[in-house]
Structures are given as C-alpha cells and as structure tokens.
Amino acid sequence: MLSFGQKLLHESGVVQCASFFCASIPMNTRLSWANSLPKTEFRDDVKKLKDTSIFLILSQNCDIACRNDKLDSHVEICVCKKIKEKEKHAGNMFVGSARKLQFSIEDDWYEANVDLILSVHKEELYATLNDNNVDILAPSEQLLLIAPLWRGNRYTRTALPDNFNAHLFPILDENLHRLQANAIVPTEVTASYLRAIYIRVTPMTEEKNYNFALFALLRADTPDDILSNIQESVEDFAQALEEASGFTDESDIYADRDSNTFVSYLNSYLRLNLDRHSLADGDSDIGPEL
C-alpha cells in the first residue's frame with residue numbers, strides 16, 4: 001500500500017516548488033494549517049491567508065515520497081503573498097535574502113517569507129487536495145533553482161569579521177547592482193546566470209589587515225560574452241575593495257560556470273551573505289534606508 005507521501009508525489013503532483021492557489025482551499029482549513037506557523041500572532045491572521053496568495057511546496061521530493069508516513073509525516077509549505085510591481089526589490093530576488101524570496105508565476109509576482117512556512121500532515125494534505133479538486137501548478141525551472149537555495153541559505157550563512165565587513169559593505173553596495181545586471185538572462189528578466197558569490201577571507205579573526213578572494217559561480221549555460229562581463233564586474237569589485245581598504249586581493253579566477261568548477265575549489269570559500277544588501281535596498285522590514 002502506498003504511503004500518503006507517495007500518493008502526494010505520484011498521484012497529486014506535489015513536488016518541490018510546485019504550488020497551488022490559497023483560494024482553492026477553504027478558509028477554515030487554511031486557519032487550521034496556520035496553527036503550525038512559528039509566530040503565534042500570525043496563526044489567526046486571515047490577512048496572511050488571502051485568496052490571492054499561493055501555497056509553495058518547499059519539502060524535497062525524497063522527503064515528500066517517504067514510504068513510511070510515520071518517519072516523515074509532514075510537508076513544508078510556504079504561504080506566498082501576491083505583490084505589486086512597486087514592492088519588488090532586487091535584493092529579494094536571486095536568493096539575495098535568506099528571509100524573503102520574490103519570484104514570478106506566469107505574469108504575477110509573489111513573495112515567500114520564512115515567517116509563513118507551514119507544516120501540513122501528509123494525510124490531511126492529500127485529502128484536502130482531492131476533496132477540493134485542487135489544481136497543482138508545476139514548478140518552473142527558475143523556481144527549482146532558487147527556492148531550495150533560498151531555504152538552505154538561512155542555515156548555511158557564515159559571519160565575516162566586523163572589520164572586514166566595515167570595508168566590504170560600501171563596496172558591495174556600489175558594485176552589486178552592476179554585477180546582478182550583467183547576470184540577468186536576457187530572455188527571462190526574472191532569472192539570473194549568477195548562482196552565488198563566494199568569498200575567502202584570511203584570517204577570520206578581528207584584525208587590521210586581510211587577504212581576500214572573490215569568485216562568482218555561474219550557471220552552466222552562461223554564454224561566453226556574459227561570462228566575460230561578469231568576470232570583469234567581479235574583478236572591478238575586488239579592485240575597489242582592495243583600493244578602499246588596503247586589503248590584498250588574492251583572487252585567481254573571478255568567475256566560472258558550475259560545470260567547470262570543482263567542489264574542492266570552493267572548499268576554501270564561504271558563500272557571501274547578501275542579506276544586508278537586501279534589507280538596505282528599500283525593504284520594508286527595516287523602514288527607510290538611513
């Protein structure tokens with residue numbers, strides 16, 4: 001007999017990054033699911049569960065399809081509100097923030113927030129989807145790339161020394177927009193060739209001087225001309241940081257495709273946390289930029 005997880009995956013189409021509209025689920029069920037939200041003040045807030053919002057599946061396929069429901073009994077689902085054009089912020093796209101993720105489905109834009117992640121029992125989810133004839137929207141390639149990275153990034157961030165950050169942040173603000181602009185996929189403005197920016201800093205203690213290296217990891221399908229532009233942007237970034245801080249740039253390769261990058265090469269690097277840029281770039285979390 002199939003587990004409810006197996007049924008959800010194979011019969012209902014519940015896979016990672018798939019989605020379905022909140023309007024297709026009765027409000028009393030939405031409120032029941034909301035009891036699993038981490039912040040109690042959101043659990044009875046129907047404004048967080050609007051008909052215009054969507055439910056985004058975050059659980060991995062292997063966890064959804066576990067053959068024993070007792071071992072893995074729930075599916076992680078994020079309530080994503082529909083947003084207006086003026087609410088979009090570049091820092092919340094391309095996994096720039098570990099707290100928010102903005103993405104598009106068809107012609108509409110939505111925002112995922114870590115405060116609105118539900119945990120729904122598999123048996124209940126299966127019954128609810130069937131009882132309400134819910135249509136499951138298949139995930140786009142872009143969502144499949146960025147949503148798992150966004151979820152994982154919250155737990156893999158590593159802090160850099162304060163003295164290094166004091167010199168990095170002004171340079172980051174000046175250079176990141178150019179780098180992201182050069183990485184946008186021309187045929188799909190919501191997609192980016194840039195997977196992540198990595199940094200190596202030595203030492204990792206509070207000192208007066210540091211050696212550093214920057215590296216941009218790009219998608220395998222990045223065209224040669226865009227790769228060249230991104231390499232130039234990262235090199236300019238590193239040069240600006242070196243000149244402003246007096247730190248030493250030890251970068252050997254400023255950018256490359258993931259298909260040409262060994263894991264061993266990245267072992268000495270940390271993924272650069274861009275949360276500060278996201279929050280400073282007009283995000284309502286912290287109000288007007290100081």
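Here's what I pulled together on the structure shown here.

1. Some thoughts on the pattern of salt bridges
Right, so step 1: Following the criterion strictly, the structure yields 11 salt bridges and no others.
Right, so step 2: Where arginine 257 meets aspartate 224, a salt bridge forms, and the shortest distance between an N and an O atom there is 2.5 Å. Taken as a pair, arginine 257 in strand S12 (residues 255-257) and aspartate 224 in helix H7 (residues 224-245) lie far apart in primary sequence, 33 residues in all.
Right, so step 3: Of the residues examined, arginine 257 reaches a relative accessible area of 17% and is grouped as buried.
Right, so step 4: Each of Lys81, Lys100 and Glu111 takes part in a single network of salt bridges with overlapping partners.

2. Focus: the nonpolar core
Right, so step 1: Grouped together as the largest cluster of nonpolar side chains are 31 residues, with contacts concentrated most on Phe164 and Ile230.
Right, so step 2: Those elements giving two or more residues to this core turn out to be helix H6 (162-183), strand S9 (194-202), strand S10 (211-218) and H7.
Right, so step 3: Among residues more than four places away in sequence, those in contact with phenylalanine 164 are Ile199, Val201, Tyr210, Phe212, Leu241 and Phe247.
Right, so step 4: Counting 26 residues, the second largest nonpolar core, distinct from the first, contains Trp33, Val79, Tyr126 and Leu129.

3. Brief notes about a positive patch on the surface
Right, so step 1: Side chains of Lys47, Lys50, Lys84 and Lys86 sit close together on the surface and give a patch of like positive charge.
Right, so step 2: Mapped onto the elements of the fold, lysine 86 is located in the loop between strand S3 (74-83) and strand S4 (100-105).
Right, so step 3: By relative accessible area, which is 69% here, lysine 86 ends up exposed.

4. A short note on the packing of aromatic side chains
Right, so step 1: As enumerated under the stated definition, the model contains 11 aromatic pairs in all.
Right, so step 2: Each ring, one from phenylalanine 215 and one from tyrosine 269, has its centre 6.3 Å from the other, and the planes form 50°; the classification is tilted. Of the two residues, phenylalanine 215 sits in strand S10 while tyrosine 269 sits in the loop between helix H8 (263-266) and strand S13 (270-271), which places them 54 residues apart along the sequence.
Right, so step 3: One aromatic cluster is present, formed by Phe164, Tyr210, Phe212 and Phe247 through successive ring pairs.

5. Here we look at helix H1 (residues 4-12)
Right, so step 1: Taken as a whole, H1 has its buried residues at Gly5, Gln6, Lys7, Leu8, Leu9 and Ser12.
Right, so step 2: In this structure, the buried side of H1 is in contact with helix H3 (61-64), S3 and helix H4 (122-131).
Right, so step 3: Backbone geometry just after H1 places glycine 13 at a positive phi near 80°.

6. Some details on unusual backbone geometry
Right, so step 1: Note the cis peptide between threonine 202 and proline 203, where omega equals -5°.
Right, so step 2: Residue position: proline 203 is located in the loop between S9 and S10.
Right, so step 3: One non-glycine residue, cysteine 17, adopts positive backbone phi at about 80°.
Right, so step 4: Along the chain, the position of cysteine 17 falls in the loop between H1 and strand S1 (19-21).
Right, so step 5: Given a relative accessible area of 1%, cysteine 17 falls into the buried group.
Right, so step 6: Positive phi outside glycine occurs at asparagine 133, with the angle close to 50°.
Right, so step 7: Tracing the backbone shows asparagine 133 in the loop between H4 and helix H5 (141-156).
Right, so step 8: Owing to a relative accessible area of 66%, asparagine 133 belongs among the exposed residues under this scheme.

7. Description of the packing of H6 against H7
Right, so step 1: Relative to each other, H6 and H7 sit at 160°, their axes nearing to 9 Å. One finds that H6 runs roughly antiparallel with respect to H7. The two elements H6 and H7 meet at a crossing, and its hand is right-handed. Judged by residue contacts, Phe164, His167, Leu168, Ile171, Leu172, Asn175, Arg178, Leu179, Asn182 and Ala183 of H6 engage Ile226, Asn229, Ile230, Glu232, Ser233, Val234, Asp236, Phe237, Ala240, Leu241, Ala244 and Ser245 from H7.
Right, so step 2: Across the contact of H6 with H7, the residue classes break down as 13 nonpolar, six polar and three charged.

8. Observations regarding H4
One turn of the α-helix equals 3.6 residues, which is why residues spaced by three or four share an orientation.
Right, so step 1: For H4, the full list of buried residues reads Lys122, Leu125, Tyr126, Thr128 and Leu129. Buried residues of H4, seen end-on, are gathered within an arc of 165° and therefore sit on one face of the element.
Right, so step 2: Looking one or two residues beyond H4, the residue adopting positive phi is asparagine 133, at roughly 50°.

9. Section: the packing of helix H2 (residues 27-34) against H4
Right, so step 1: The N-to-C vectors of H2 and H4 enclose an angle of 165°; their axes lie 12 Å apart at closest approach. Looking at the two axes, H2 sits roughly antiparallel to H4. Relative to H4, the crossing made by H2 is left-handed. Contacts between H2 and H4 involve Thr29, Ser32 and Trp33 from the first element and Glu124, Leu125 and Thr128 from the second.
Right, so step 2: Partitioning the contact of H2 with H4 into residue classes produces two nonpolar, three polar and one charged.

Rules and cut-offs
- Residues numbered from 1 in each chain as written.
- Predicted model: local features only at pLDDT ≥ 70, side-chain atom pairs only at ≥ 80, totals over all residues.
- Heavy atoms only, no water.
- Salt bridge = Lys/Arg side-chain N within 4 Å of Asp/Glu carboxyl O.
- Helix = DSSP H or I, 4+ residues; strand = E, 2+ residues; numbered from the N terminus.
- Buried < 20%, exposed > 50% of the residue type's maximum accessible area, 1.4 Å probe, protein only.
- Core = buried A, V, L, I, M, F, W, Y, C linked by side-chain atoms within 4.5 Å.
- Contact = heavy atoms within 4.5 Å.
- Patch = residues over 30% accessible without salt bridge, like charges linked within 9 Å, V, L, I, M, F, W, Y side chains within 5 Å.
- Areas by Shrake-Rupley, 256 points an atom, 1.4 Å probe, with all protein chains shown as cover.
- Lys, Arg positive; Asp, Glu negative; His and termini not counted.
- Charge placed at Lys NZ, Arg CZ, Asp CG, Glu CD.
- Phe/Tyr/Trp six-rings, centres within 6.5 Å; stacked < 30°, edge-to-face > 60°.
- Axes fitted to C-alpha atoms, helices over the stretch in contact; angles between N-to-C directions.
- Parallel < 35°, antiparallel > 145°, perpendicular 65-115°, else oblique.
- Left-handed = near helix turned anticlockwise from the far one by under 90°.
- Nonpolar A, V, L, I, M, F, W, Y, C, P; charged D, E, K, R; others polar.
- Arc of directions from axis to C-beta.

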